[in-house]
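# Residue-level structure breakdown
Spelled out from the first residue to the last, the chains are:
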Amino acid sequence: LLLLLDADGVGTVLTEENFAATLQTSKSALVAFVAPWCMACRAVMVELGHVHDALASRSSEVIVAQCDISRETRLAERYRAWRTPVVLFFPNTQVLAAGL
């Protein structure tokens, strides 16, 4: 189980370049599509931290991460994350092809 966090505890931003490769490091992934100016997104990230802790106690193989839609517009379009926050669960990350 992995919660991708930066030094500020904000959550590492998944990019177009690392999205598929990062998700494929685990069986499943929970990704929050967020924007830095979105207050509701900050609240969601706090809750995802709790989800991470609960999953970690069960030795789950789930990545919990975020994608900044203000920078990663192509990913936002691909996953229809036009409004924030959007949280998507990828139950079988192995089916993702490179670049998806």
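Refer to the structure above for everything that follows.
Residues numbered from 1 in each chain as written. Predicted model: local features only at pLDDT ≥ 70, side-chain atom pairs only at ≥ 80, totals over all residues. Heavy atoms only, no water.

## Looking at the packing of aromatic side chains
We apply this condition: Side-chain rings of Phe, Tyr and Trp, where Trp is taken by its six-membered ring, are said to pair if the distance between their centres is within 6.5 Å; with planes under 30 degrees apart they count as stacked, over 60 as edge-to-face, and otherwise as tilted. Going along the chain from the N terminus, every DSSP run of H or I of four or more residues is numbered as a helix, and every run of E of two or more is numbered as a strand. Throughout this description, buried means an accessible area under 20% of the type-specific maximum (1.4 Å probe, protein chains only), exposed means over 50%, and partly exposed covers the range between.
By the definition in use, this model includes five aromatic pairs. Ring centres of phenylalanine 33 and tyrosine 79 lie 5.7 Å apart, and the angle between their planes is 35°; on these two criteria the pair is classed as tilted. Note that phenylalanine 33 is positioned in strand 2 (residues 28–34) and tyrosine 79 in the loop between helix 3 (73–78) and strand 4 (86–90), a separation of 46 residues in sequence. Looking at tyrosine 79, the relative accessible area reads 16%, which means it is buried. Through successive ring pairs, a cluster of aromatic residues spans Phe19, Phe33, Tyr79 and Phe90.

## Some points on the nonpolar core
Applied cut-off: Put simply, a nonpolar core is a bunch of buried Ala, Val, Leu, Ile, Met, Phe, Trp, Tyr and Cys residues held in one set by side-chain atoms that sit within 4.5 Å of each other.
Leu14, Phe19, Leu23, Val31, Phe33 and Phe90 are the most contacted members of the largest nonpolar core, which has 26 residues in total. The set of elements that each furnish at least two residues to this core consists of helix 1 (19–23), strand 2, helix 2 (39–56), strand 3 (62–68), helix 3 and strand 4.

## Here's the deal with the pattern of salt bridges
Basically, it comes down to this: Definition used for salt bridges: Asp or Glu carboxyl oxygen within 4 Å of a side-chain nitrogen of Lys or Arg.
Applying the stated criterion across every chain yields a total of two salt bridges. Between arginine 78 and glutamate 16 there is a salt bridge; the shortest N-O distance is 3.2 Å. Residue arginine 78 is located in helix 3, and its partner glutamate 16 is located in the loop between strand 1 (2–3) and helix 1; the two are separated by 62 residues in the primary sequence. Under the relative-accessibility criterion, arginine 78 is labelled partly exposed at 33%. The exposure class of glutamate 16 is buried, given its relative accessible area of 15%. Between aspartate 68 and arginine 71 there is a salt bridge, and its shortest N-O distance comes to 3.9 Å. By relative accessible area, aspartate 68 is classed as buried at 7%.

All quantities given are derived from atomic positions and should not be read as evidence of function.
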